[in-house]
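Topology and contacts: notes
Residues per chain, in single letters:
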Amino acid sequence: MKYPIQFLLTLAMMAITTLAVADDGIRVFSKYAGYGHDTAVDMVEDGFFTSLTHAEGKGTFGRSTLAISVEFIPDDSQMVNCPEGYGYELSFAVVPDNFWAFVVTAADHSQVFGLFNSGWMCMTENGIRWEGQTQGFYAGGTGRYEGAGGTWVSNFQGVNLDPVTGLRSINGDVIGTLYLP
């Protein structure tokens, strides 16, 4: 079941991107900052819980809010991405029939949706500071972003503040190209 759904989503992403090639698209650049916390959901049952992040952004989407869901898993293969002093490597949990997601809500309440299931994160040995990168695709939206497509990359970093609830800070940026029908 996992592969047919991921295959269909991949085909849809390729179709949207292919249709958009004729258009130059909108260059996306946005900075964001906010906080996140752990939920009670552990999709992979490894002790790393799904997190929910809330942030405010400014850039291509104007003043906006951002909500992100994601779960990480330990992954030693990501060490090549980690700077000195960051010795704990993670990647995004791949869950059958699931993409991690974000929603950007613009000031006019139009929304753009993004999906992803690849990227990495590195954490300091003491588990306090972290940084990472993810990439994915735009998968529609509402209002002026209805039918949006394209791709994006986000670089982010933050500080873990409360090990009990997983409260953390986050700031980062998003770059990419957005295609509108």
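Residues numbered from 1 in each chain as written. Predicted model: local features only at pLDDT ≥ 70, side-chain atom pairs only at ≥ 80, totals over all residues. Heavy atoms only, no water.

**Quick word on the overall build of the protein**
When helices and strands are counted, the protein shows one helix and ten strands. Tracing the protein from N to C terminus, the helices and strands come up as α-β-β-β-β-β-β-β-β-β-β. Taken over 181 residues, the protein has a buried fraction of 40%. Within the protein, residue pairs in contact and separated by at least 24 positions form 58% of the contacts whose partners lie at least 6 positions apart. As displayed, the protein offers around 9500 Å² of accessible surface, 61% of which is attributable to carbon and sulfur atoms. (Helix = DSSP H or I, 4+ residues; strand = E, 2+ residues; numbered from the N terminus. Buried < 20%, exposed > 50% of the residue type's maximum accessible area, 1.4 Å probe, protein only. Contact = heavy atoms within 4.5 Å. Areas by Shrake-Rupley, 256 points an atom, 1.4 Å probe, with all protein chains shown as cover.)

**With respect to the nonpolar core**
Membership of the largest hydrophobic core comes to 27 residues, with the highest contact counts inside it found for F61, F102, V112, Y138 and L178. At the level of secondary structure, the elements contributing two or more residues to this core comprise strand 1 (26–38), strand 3 (62–70), strand 6 (100–106), strand 7 (111–124), strand 8 (129–142), strand 9 (149–162) and strand 10 (167–179). (Core = buried A, V, L, I, M, F, W, Y, C linked by side-chain atoms within 4.5 Å.)

**Quick look at the state of the cysteines**
Applying the stated criterion across every chain, the model contains one disulfide. The disulfide partner of C82 is C122, and the gap between their sulfur atoms is 1.9 Å. Disulfide C82 to C122: torsion about the S-S bond roughly -85°, handedness left-handed. Of this pair, C82 sits in the loop between strand 4 (72–74) and strand 5 (86–92) while C122 sits in strand 7, and the two are 40 residues apart along the sequence. Taking the relative accessible area as the measure of exposure, C122 reaches 0% and is therefore buried. (Disulfide = S-S within 2.5 Å.)

**Considering the confidence of the model for the protein**
Residues with a pLDDT of 70 or more make up 86% of the protein, whose mean pLDDT is 85. Taken element by element, the protein is modelled with least confidence in helix 1 (residues 2–20), mean pLDDT 44, and with most confidence in strand 10, mean pLDDT 97. Within the model, the stretch residues 1–22 combines pLDDT values under 50 with 14 contacts to residues more than four positions away or in other chains. (pLDDT = per-residue confidence, 0-100.)

**Focus: the packing of aromatic side chains**
Inspection of the entire model under this criterion finds six aromatic pairs. Seen in terms of ring centroids, F61 and Y145 are 5.5 Å apart; in terms of plane orientation they differ by 80°. Their pairing is edge-to-face. Taken as a pair, F61 in the loop between strand 2 (51–59) and strand 3 and Y145 in the loop between strand 8 and strand 9 lie far apart in primary sequence, 84 residues in all. A residue is classified by how much of its surface remains accessible, and Y145, at 5% relative accessible area, is buried. Between W130 and F156, the aromatic rings sit 6.0 Å apart at their centres with planes inclined by 55°, giving tilted as the arrangement. (Phe/Tyr/Trp six-rings, centres within 6.5 Å; stacked < 30°, edge-to-face > 60°.)

**Brief notes about the side chain of T105**
Tracing the sequence through the fold places T105 in strand 6. Since its relative accessible area comes to 19%, T105 is described here as buried. Once residues lying within four places of it in the same chain are set aside, the contact partners of T105 are R63, S64, T65, S110 and Q111.

**Digging into a nonpolar patch on the surface**
Taken together, the side chains of Y35, L161 and L167 present a nonpolar region at the surface, about 300 Å² in accessible area. You can call L161 exposed: its relative accessible area is 56%. (Patch = residues over 30% accessible without salt bridge, like charges linked within 9 Å, V, L, I, M, F, W, Y side chains within 5 Å. Salt bridge = Lys/Arg side-chain N within 4 Å of Asp/Glu carboxyl O.)

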